[in-house]
Amino acid sequence: MAAASDMTVSFLRQTPAARLPTPALRGGVAGWLRASLFSSPFNIALTLLCALLIARAVPPLIRFFLIDANWSGSDREACLPSAGNPDPGACWAFVRVWLSYFVYGFYPIGQRWRVDLFLAALALGVVWLLWLGAPRRGIGAIYFFIVLPVLSLILLAGLPAIGLSFVPTNLWGGILVTIVVATVGMVVSLPLGILLALARRSHLPMVKWLAVAFIEFVRGVPLITVLFMASVMLPLFVPEQLAPDKLVRALIGVAMFASAYMAEVVRGGLNAIPRGQYEAAEALGLSYWRMNALVILPQALRVTLPNIVNTFIGLFKDTTLVFIVGIFDFLRTVEAAHSDPRWASPEIGVTGYAFAALFYFVCCYAMSRYARRVELRLARRGGREHDRERRDG
Amino acid sequence: MSDVARASPRLPPHRERRGLDASWLVLQVALFAVIAGLIGAAGYNAAQNLAKANIAHGFGFWNNTAGFDISQTLIDYSSSTSTFGHAFWVGLLNTLLIAGVGIVLATILGFVIGIARLSRNWLVARLAGGYVEVIRNIPLLLQLLFWYNAVLKALPEMRGSIALPLGGFLNNRGLFLPKPVFAPDFEAVVIALAVGIAAAIGWRIWAKRYQARTGEQMPIVLPALAVIFGLPFIVFVVAGKPLTFGIPDMGRFNIRGGLEILPELAALLFALTVYTAAFIAEVVRAGVLAVPAGQIEAAQTLGLRAGGTLRLVVVPQAMRVIVPPLTSQYLNLIKNSSLAVAIGYPDLVQVFAGSVLNITGQAVEVIAITMAVYLFISLVTSLLMNFYGRIVAVAER
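The structure displayed is predicted, hence computed values, not measured ones.

**With respect to the overall build of chain B**
Broken down by element type, chain B carries 12 helices and 8 strands. Whereas a compact globule of 397 residues would reach a radius of gyration of roughly 21 Å, chain B reaches 29 Å, over 25% beyond that. If one aligns the C-alpha atoms of chain B with their principal axes, the spans along those axes are about 85 × 70 × 45 Å. Going through the 397 residues of chain B one by one, you find that 27% of them count as buried. Counted over contacts in chain B with a minimum sequence separation of 6, partners at least 24 positions apart contribute 65%.

Have a look at this one:
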């Protein structure tokens, strides 16, 4: 209180103090280097070890896949050691020659425009569904889950009545089959997974226990055994004349498998919906199905979209397993091309696998980036809503 | 308002009243009838089709002579005398071998990479991150075929074997290592090891009590290590070193003696370890990040050193988050080991759902048994997980 008489004395600075320079070893490039690479003897050792590893591994890889690689040619001669290239690298010429086989399998050459059209139609559906700002996404969903499957079946298998000749599935192959298997898995597993998730949360004991049994059974066994079951046991379970085609059997197995996993993902989304939403929907007098279709599922699916995409990445990688039950998917066509005697050379194996790995990596990485972005967007939106609630309340 | 008024008199159908509501009961009965009908029809068709193909049914084949060879057998097995039942156990043991070794290796690699991803060293974190992204986004089957066909099969032939230190060989027929040969006296060393571990545990308990009583800390780690490794070593020397190694001996066409690791086993182990480790790394990273920074700051405020902070504060809380998804990665590894069939490693699926199924033709029984094994492993694991979850939940407030 005594200080009150001193109020007139100015004890505050009137001008800002001169800025001190940044400590030499904290800011800037040098500081970053020190903090993130050379902060302690152990860290220095780790950094040197990693640098050594990169220096040892990266240049040979670049040399093998780019500098010493052979890019053109029509048979193994192109990829054998020669005077100009005594230690040949990857044989991309092999991939170029076989590329159409990798994409279409044995699909008749004159009919391949149908595959291209299918891929374009699929791309349209995927963009429509995944681009969150796309117009009329409801119609997009109908297109993807109802129109597209019918259209694809007619396009790929053929319908002689409208002039599209019949193409048996044993001629399908390569990336076409990989994408067909993944798409069928997706188109079947999402609706079926939603139904199973709802069934598992149902209060009807019969419905609930059937769903639990199916989901836990499928999730408890390896996909290969499900595929074996589909390809060996399924033909036994139906009358002989109805025995499904080999590809269809694998598709049934994959769809069953994916549905069980999708059901758990959707259930996770359903669990995230607050109870008040159910109560509000009931208070409005909505029936069970309308409540789920109009109130619960739109929110649950939005929340769980990143998980759905991640499940789909798993499904996409798992499509390679149809290889084992004798379906010519992309990986199997690569494997088959390896045994071509016209191309027999030591580099073929690595080149083929590298090409396949690149394909799967690009697809899966793009999807996982997308999932990450949606997740961040949801988190931001959730944060905003949270802030608004706090402000209002 | 009018919409609500019209709809409101009806109670929500799926709450409270459902047990009484006849329509829901009818639905359930109808569902049951449909499922039962489908199973019945499938069974009838299967019986018809199998009878037409002249294939036996039932589990009688279990005791029939198998008549096929298996490239790796952990128990006695011969194609001429052993039964399909024996083949089943051989396959199952091979699956458990790959699962056990794979889980240990993947856990070690996964924890190292997960922690490396969190390192403050930019280069280390980036390298670990790159590893995870690349490995996770390439199908396991592709990686497996790569290791098997492009790496192991491209190794030199028998004659050009790569000699490894300590008398091992590596070639395209597998990895040949010195094989430990245990003399009968070796049991004493094992007993000494057990005694050493027991003594170390006893010492730790005593040291903790002593610290509680007097506040004085006794060294624990060094004496424990000394007794665990020292005691068996002394016994080993005293007993006259009852352990020799069978060095592989390279002949013209074959390598005799030594421990042979099939290329199939090596490729499968390598692919499963590398693949699963990427997923375990993510689990570990998420677990460590789940420990709030305030916990670490609080531990430092209490004066704990870096080691104590990690051991007493971070790890116990991180493990609570890590263990459940870690277990599901272990289950994935076990299920993924069935990819063995693609390269011909004789695991359960390859031996049983492959060879036995082809010979007997009894698809229903064979596939059912195979699935039952995996289902059993999964269910037991998830029961244990629930149990663990309950223990951890008790520790929480």
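**A few points about the sheet that holds strand 1 (residues 162-164) of chain B**
All names here are of chain B. Read across the open sheet, the 4 strands follow the order 1-2-3-8; overall the sheet is antiparallel. This sheet does not close on itself; its edge strands, each paired only once, are strand 1 and strand 8 (259-261). Across the sheet, the axes of successive neighbouring strands diverge by a mean angle of 20°, strand direction being ignored. The pairing of strand 2 (residues 168-171) with strand 3 (residues 174-177) spans 3 bridges and is classified as antiparallel. Bridge assignment links Phe169 to a residue of strand 3, and that residue is Phe176.

**Points about the pairing of strand 3 of chain B**
Residue and element names in this part refer to chain B. In sequence, strand 2 turns back onto strand 3 through a hairpin of 2 residues. Summarising the sheet, strand 3 and strand 8 pair through 3 bridges and their orientation is antiparallel. Opposite Leu177, over in strand 8, you have Leu259 as the bridge partner.

**Section: unusual backbone geometry**
Note on backbone geometry: most residues besides glycine have negative phi, and most peptide bonds are trans. All names here are of chain A. For Arg136, which is not glycine, the phi torsion reads 50° and is therefore positive. Relative to the helices and strands, Arg136 is located in the loop between helix 4 (112-130) and helix 5 (137-157). With 10 C-beta atoms counted inside 10 Å, the residue Arg136 sits in the exposed group.

**Re the nonpolar core**
Core analysis: the biggest nonpolar cluster contains 147 residues, and Leu176(A), Leu227(A), Leu141(B), Leu144(B) and Leu268(B) have the highest contact counts within it. Residues contacting Leu176(A), with those up to four places away along its chain left out, are Val103(A), Tyr104(A), Gly105(A), Tyr107(A) and Val115(A).

**Description of the packing of helix 10 (residues 275-283) of chain A against helix 11 (residues 288-318) of chain A**
Residue and element names in this part refer to chain A. Where helix 10 meets helix 11, the axes come as close as 10 Å, and the angle between the chain directions of the two elements is 160°. In terms of orientation, helix 10 lies roughly antiparallel with respect to helix 11. Of the two possible hands of crossing, helix 10 and helix 11 adopt the one that is right-handed. Residues Gln277, Tyr278, Ala281 and Glu282 of helix 10 lie in contact with helix 11, whose contacting residues are Met291, Val295, Ile296 and Gln299. Residue classes in the contact of helix 10 with helix 11 are distributed as 5 nonpolar, 2 polar and 1 charged.

**Some details on the domain arrangement of chain A**
Residue and element names in this part refer to chain A. Splitting chain A by domain gives domain 1 (105-167) and domain 2 (168-381). The straight-line distance from the C-alpha centre of domain 1 to that of domain 2 is 19 Å. Taken together, the 11 residues of domain 1 in the interface contact 14 residues of domain 2. Only helix 4 and helix 5 provide two or more residues apiece to the side of domain 1 that touches domain 2. If you tally residues by element for the side of domain 1 that touches domain 2, the top one is helix 4, at 3 residues.

What counts, and at which threshold
Residues numbered from 1 in each chain as written. Chains lettered and ligands numbered in written order. Predicted model: local features only at pLDDT ≥ 70, side-chain atom pairs only at ≥ 80, totals over all residues. Helix = DSSP H or I, 4+ residues; strand = E, 2+ residues; numbered from the N terminus. Rg over C-alpha atoms; globule rule 2.2 N^0.38 Å. Buried ≥ 20, exposed ≤ 12 C-beta atoms within 10 Å, placed from the backbone. Contact = placed C-beta atoms within 7 Å. Pairing = 2+ DSSP bridges. Axes fitted to C-alpha atoms, helices over the stretch in contact; angles between N-to-C directions. Core = buried A, V, L, I, M, F, W, Y, C linked by C-beta atoms within 7 Å. Parallel < 35°, antiparallel > 145°, perpendicular 65-115°, else oblique. Left-handed = near helix turned anticlockwise from the far one by under 90°. Nonpolar A, V, L, I, M, F, W, Y, C, P; charged D, E, K, R; others polar. Domains from an automatic or database assignment.

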